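# Results of the structural survey
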Amino acid sequence: MSGPSALRPARPTLRCLREDLCLAVPPVTAPLDEIDHPVLAKASEQFADEDGKHERIRSVDDQVLFKVKVQRWRGAVWLDADLPWLVAAGRREDGSGDDFYAALEADGRAARARYNAEHSDGLKTTTHTAYLLPAREDHVRYRAEAGVRFVRRLRTTLLDLAHATLRDGREHTREFDTFTLGLQVRADDGHETYLAVRITGSVPPNLTVLILRNVPGCEAEGWYPEYALPERDLLPAEQAWSNLMDPSAATQVLDDEEG
């Protein structure tokens, strides 16, 4: 039997970040799900798996929103498939109960009244909170962060592969969505250390450049294309590159992994 499915870390909408948490929007190189804030950390912890039990905000009936409570912070989370969004947040005032949720309900009722006054096909729900849900700017931001997440994954993978091949001299590979990445050290005792990179699959030239630039211990301008692997010729969907690996960098990779 498989375990519960993991959800992605919770992230705030840009409106919630600016207006409710009163935080500046960081550069795109800093993913919003990594912002250090108690209510966001609690949301990620609470929604760590999709089978967890959550308390719905019953006073809001036009959307399924869930409560998040930590210290004096209160929040509302909306689930988009496996991605929890913190769509609203506020602080509980001293001596009060869950006033944040009462205010959320009041705002939802007022928004519903405004909507019905402006539209002939009025809402049948008692609240209107759709304006809190992720907007176009939120999805644009999330897609922009995808590049950052990919580069982080690529760098971690290259370090792992470099460590593995430095230990045994064999090729080690890792699967990505559309390609396979392989690294192999080729060295003779007392001679320079060569590192070969094999990419199997269809990848654009800019991705090949990105991969080669992030291989540890190798000069970015020192790569040369190879037309065969040590044991065989390249297949049509393969490309290979080789470079000298700095011995001190190789030692550092091993020390970092084993330390």
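Residues numbered from 1 in each chain as written. Predicted model: local features only at pLDDT ≥ 70, side-chain atom pairs only at ≥ 80, totals over all residues. Heavy atoms only, no water.

Looking now at the pattern of salt bridges. Under the criterion given, the structure shown has 15 salt bridges. Residues Glu 105 and Arg 109 are paired through a salt bridge, measuring 3.1 Å at the closest nitrogen-oxygen approach. With Glu 105 and Arg 109 both in helix H3 (residues 99-118) and four residues apart, the pair spans about one turn of that helix. Exposure remark for Arg 109: the relative accessible area of 42% places this residue in the partly exposed category. We note a salt bridge from Arg 198 to Glu 171, for which the minimum N-O separation is 2.6 Å. With Arg 198 in strand E7 (residues 193-200) and Glu 171 in the loop between helix H4 (136-168) and strand E5 (172-175), the pair connects residues that are 27 residues apart, well separated along the chain. On the basis of relative accessibility, which here comes to 11%, the residue Arg 198 falls in the buried class. On the basis of relative accessible area, Glu 171 is assigned to the partly exposed category, the value being 32%. (Salt bridge = Lys/Arg side-chain N within 4 Å of Asp/Glu carboxyl O. Helix = DSSP H or I, 4+ residues; strand = E, 2+ residues; numbered from the N terminus. Buried < 20%, exposed > 50% of the residue type's maximum accessible area, 1.4 Å probe, protein only.)

We now examine H4. Between its first and last C-alpha, H4 extends 49 Å over 33 residues, near the 48 Å set by a 1.5 Å rise per residue. Once H4 ends, the next one or two residues include Gly 169, with phi positive near 75°. (Expected span 1.5 Å × (residues − 1).)

Further remarks concern the sheet that holds E5. Taken together, five strands build an open sheet; the order of strands is E5-E6-E7-E9-E8 and the sheet is antiparallel. In this open sheet, the two strands that pair with only one neighbour each are E5 and strand E8 (224-226). Put simply, the sheet's adjacent strands are angled 25° from each other on average, direction ignored. Where E8 meets strand E9 (residues 238-244), three bridges bridge the pair, whose relative direction is antiparallel. Residue pairing for E9: Pro 225 is matched across the bridge by Trp 241. (Pairing = 2+ DSSP bridges. Axes fitted to C-alpha atoms, helices over the stretch in contact; angles between N-to-C directions.)

The mixed open sheet is built from four strands, whose spatial order is E1-E4-E3-E2. The open sheet has two edge strands with one neighbour each: strand E1 (11-12) and strand E2 (66-70). Sheet topology note: the E1/strand E4 (residues 83-91) ladder contains two bridges and is parallel. Bridge pairing links Pro 12 to Leu 86 in E4. Set on the sheet, H3 makes contact with E2, strand E3 (73-80) and E4; between it and E3 the angle comes to about 55°. (Contact = heavy atoms within 4.5 Å.)

Before going further, it helps to examine the packing of H4 against helix H5 (residues 205-213). Packing of H4 against H5 brings their axes to within 10 Å, and their N-to-C directions diverge by 50°. The angle between the axes of H4 and H5 places the two elements in the oblique class. Once H4 is placed against H5, the crossing between them reads as right-handed. Every residue of H5 that contacts H4 at Phe 150, Val 151, Leu 154 and Leu 158 is listed here: Leu 207, Leu 210 and Ile 211. (Parallel < 35°, antiparallel > 145°, perpendicular 65-115°, else oblique. Left-handed = near helix turned anticlockwise from the far one by under 90°.)

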